[in-house]
Amino acid sequence: MATGRVPTTANSPLTVKGDLFTFSTASAKLAVGANDTALVADSTQSTGLAYKTKGVFNGLTTTGDTIYSSSGTTQARLGIGSTGQVLTVASGVPSWATPSSGGLTVIDTSTVANTSTTLTISSIPATYKHLLVVGVGLQTSGANDGDLFVRVNGDSGNNYTLQRMHIITSTVSGYGSASISGISCMGSMARTADSAASLGEVAIYIYNYASTSDYKAIIAQGGSMNNGATTWVSSRGTWRNTAAVTSVSLVDANGTNLKAGTYITYGWN
Amino acid sequence: MAKITVKDLATGEMYDRDMTAEENEAWLNDVQNAKDKEAAEAKAATDKAALLAKLGITADEAKLLLS
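Residues numbered from 1 in each chain as written. Chains lettered and ligands numbered in written order. Predicted model: local features only at pLDDT ≥ 70, side-chain atom pairs only at ≥ 80, totals over all residues. Heavy atoms only, no water.

S.K.: If you had to explain the packing of aromatic side chains to someone new, which residues and values would you point to?
M.R.: Residue and element names in this part refer to chain A. In this structure the tally under the stated criterion is 3 aromatic pairs over all chains. Plain terms: the ring middles of Tyr-205 and Tyr-207 are 6.2 Å apart, the flat faces sit at 10° to each other, and that makes the pair stacked. Centre to centre, the rings of Tyr-207 and Trp-268 are 6.0 Å apart; their planes meet at 55°, and the pair counts as tilted. Of this pair, Tyr-207 sits in the loop between strand 16 (200–206) and strand 17 (216–226) while Trp-268 is found in strand 20 (residues 258–268), placing the two residues 61 residues apart along the sequence. (Phe/Tyr/Trp six-rings, centres within 6.5 Å; stacked < 30°, edge-to-face > 60°. Helix = DSSP H or I, 4+ residues; strand = E, 2+ residues; numbered from the N terminus.)

Given below as structure tokens:
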């Protein structure tokens, strides 16, 4: 029976499992490829077909997924990591991981605008090792001297220890307390009449803030140009509580509003 | 009543609210402590100047004596 190019058993060129009957300028056989190869169009071949290592065309399920070789030509899917993670290598293959050292991540930037005496940064994520709050351009709306305090978790009780060194121009003083209601950061904030070109700055470090087993060490250093004199404070204190720190408050103890300043909160790994 | 500016990192919201009575009391205590500290530092400076005048020496000469 005539069947065109459809081979009969008698005239079929197919001899081995997986052979394909194809065509170039005449009928031709294409032998099956190696395991895990795929049939693709290839105009350089006489039949226009070839078995090749599979390309990246499957396995992706989620936005951000990537494909990598888990072993030789074996493909694997790498699901997208979470925010802040970086691509790294573990056991010879790629993976997403939270940076383990040396990284500062900006969590928040808040600017005060003479509407309140206190800035509270709340709902701080517990995903970092340490916290660093940097304040720049700090000024009180008051006419007199007044400190800037830092407190955590809204605790205004005498639950902090403090050792504080203060320099006004070149005069050094200091004190310590085993029971105080906050950590001194500034000595004297720039007053409302002080030059906007030389306001205050502060850096507040809170170590192991997410720990639920340690008291929290707080180191604060700050200074300003206050009423014509340079003033600088270095404080080391402890919040005598093992709860994780979830909020940080900056308190103007001058009796007036926080007139100006931007506070940048960093997570630190 | 004094106000607090709250930045809630869970929602991204920033808003002002009145202090609670407890917060206000704590803050007033801070203000008083700051005033007391300022007064104490001013008194210490005045006392120091008076003592130097009584001794008839300068601050630098006093440092030299203590070095």
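Back to the write-up after that little detour.
S.K.: I'd like a description of the environment of A:Gly187, backed by residues and values.
M.R.: Of note, A:Gly187 is situated in the loop between strand 15 (183–184) and strand 16. Sequence separation of A:Gly187 and A:Trp232 is 45 residues, and the distance between their C-alpha atoms is 6.5 Å. The residues touching A:Gly187, leaving out its near neighbours within four places in the chain, are A:Gly146, A:Asp147, A:Arg164, A:His166, A:Thr231, A:Val233 and B:Lys37. (Contact = heavy atoms within 4.5 Å.)

S.K.: So, the interface of chain B and chain A: which residues are in play, and what are the values?
M.R.: At the interface, 20 residues of chain B touch 35 residues of chain A. On inspection of chain B and its partner chain A, the count reaches 2 salt bridges. Note that A:Asp108 is salt-bridged to B:Lys7, the shortest N-O span being 2.5 Å. Contributions of two or more residues to the side of chain B that touches chain A are made by strand 1 (3–8), strand 2 (14–18) and helix 1 (21–55) of chain B. Partitioning the side of chain B that touches chain A into residue classes produces 11 nonpolar, 1 polar and 8 charged. Bridge count for strand 10 (residues 118–122) of chain A against strand 1 of chain B is 5 bridges, and the pairing is parallel. Counterpart to A:Ile121 in the pairing with strand 1 of chain B is B:Lys7. (Salt bridge = Lys/Arg side-chain N within 4 Å of Asp/Glu carboxyl O. Nonpolar A, V, L, I, M, F, W, Y, C, P; charged D, E, K, R; others polar. Pairing = 2+ DSSP bridges.)

S.K.: Go over the environment of A:Leu138 with me, naming the residues and quoting the values.
M.R.: Residue and element names in this part refer to chain A. Turning to its location among the elements, Leu-138 is positioned in strand 11 (residues 130–140). Residues Leu-138 and Ser-224, spaced 86 residues apart in sequence, show a C-alpha to C-alpha distance of 8.0 Å. Among all residues touching Leu-138, those that are not within four sequence positions of it are Leu-148, Met-186, Met-189, Ala-190, Leu-199, Gly-200, Glu-201, Val-202, Ala-260, Gly-261, Thr-262 and Tyr-263.

S.K.: Summarise the sheet that holds strand 12 (residues 148–152) of chain A; cite the residues concerned and give the values.
M.R.: Strand order in the open sheet formed by 6 strands is 15(A)-12(A)-19(A)-10(A)-1(B)-2(B), with mixed pairing between adjacent strands. Unpaired on one side and paired on the other, strand 15 of chain A together with strand 2 of chain B mark the two borders of the sheet.

S.K.: Pulling in residues and values, what's your account of the sheet that holds strand 18 (residues 229–239) of chain A?
M.R.: Residue and element names in this part refer to chain A. In space, the 8 strands of this open sheet follow the order 9-20-11-16-17-18-13-14, with antiparallel pairing throughout. Of all strands in the sheet, those bounded by a partner on one side alone are strand 9 (104–111) and strand 14 (171–180). Pairwise comparison of adjacent strand axes, ignoring direction, gives a mean angle of 15° for this sheet. In terms of strand pairing, strand 16 meets strand 17 through 6 bridges, oriented antiparallel. Paired with Ile-204 across the bridge in strand 17 is Ala-220. (Axes fitted to C-alpha atoms, helices over the stretch in contact; angles between N-to-C directions.)

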